[in-house]
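Listed below, chain by chain, are the residues.
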Amino acid sequence: ASAVVDIKPLIAHHLPELKHTGLSRASDNYLGKPLDKCEQCSMWLNRPLSLNQRAYAALDAFCCAEIYRLLPDRIKSRAK
């Protein structure tokens with residue numbers, strides 16, 4: 001079993017209307033608030049990462065984990 005789960009196809013199976021949308025819209029739907037994507041196109045090759053970039057990366061991962069947690073078990077079983 002993989003330790004990595006792509007939640008996009010799981011979200012699409014659970015809510016087909018979100019099939020062609022991104023994490024921000026899924027976050028708005030599942031968590032009640034869209035994900036701020038302003039750092040998405042920042043200079044990720046520059047080191048050290050800025051505080052805003054680190055916060056964005058952490059929030060992005062947190063939203064994925066929370067959305068996965070909220071998915072019904074019957075949907076999560078498709079990832080195994």
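Data block above holds the structure.
Because the structure is a prediction, the values reported are computed rather than measured.

Caption draft 1: Broad picture of the nonpolar core. Formed by 13 residues in total, the largest nonpolar core has its most connected members in I11, Y30 and I67. Counting residues per element, the ones that place at least two in this core are α1 (7-14), α2 (23-31) and α3 (51-70). Not counting chain neighbours up to four residues away, the residues in contact with Y30 comprise I11, H14, L15, L18, I67, L70 and L71.

Caption draft 2: View of the packing of α2 against α3. Where α2 contacts α3, the axes come no closer than 10 Å and their chain directions differ by 50°. In terms of orientation, α2 lies oblique with respect to α3. As α2 packs across α3, the resulting crossing turns out to be left-handed. The segment α2 lies against α3, with L23, A26, S27, Y30 and L31 engaging D60, C63, C64, E66, I67 and L70. Residue classes in the contact of α2 with α3 are distributed as 8 nonpolar, 1 polar and 2 charged.

Caption draft 3: Fine view of the packing of α1 against α3. Running from N to C, α1 and α3 point in directions that differ by 40°, and their axes come no closer than 11 Å. Accordingly, the angle class assigned to the pair α1 and α3 is oblique. Pair α1 / α3 crosses with left-handed handedness. Of the residues in α3, those in contact with I7, L10 and I11 of α1 are C64, I67 and Y68. For the contact of α1 with α3, a count of residues per class yields 6 nonpolar, no polar and no charged.

About the cut-offs
- Residues numbered from 1 in each chain as written.
- Predicted model: local features only at pLDDT ≥ 70, side-chain atom pairs only at ≥ 80, totals over all residues.
- Heavy atoms only, no water.
- Core = buried A, V, L, I, M, F, W, Y, C linked by side-chain atoms within 4.5 Å.
- Buried < 20%, exposed > 50% of the residue type's maximum accessible area, 1.4 Å probe, protein only.
- Helix = DSSP H or I, 4+ residues; strand = E, 2+ residues; numbered from the N terminus.
- Contact = heavy atoms within 4.5 Å.
- Axes fitted to C-alpha atoms, helices over the stretch in contact; angles between N-to-C directions.
- Parallel < 35°, antiparallel > 145°, perpendicular 65-115°, else oblique.
- Left-handed = near helix turned anticlockwise from the far one by under 90°.
- Nonpolar A, V, L, I, M, F, W, Y, C, P; charged D, E, K, R; others polar.

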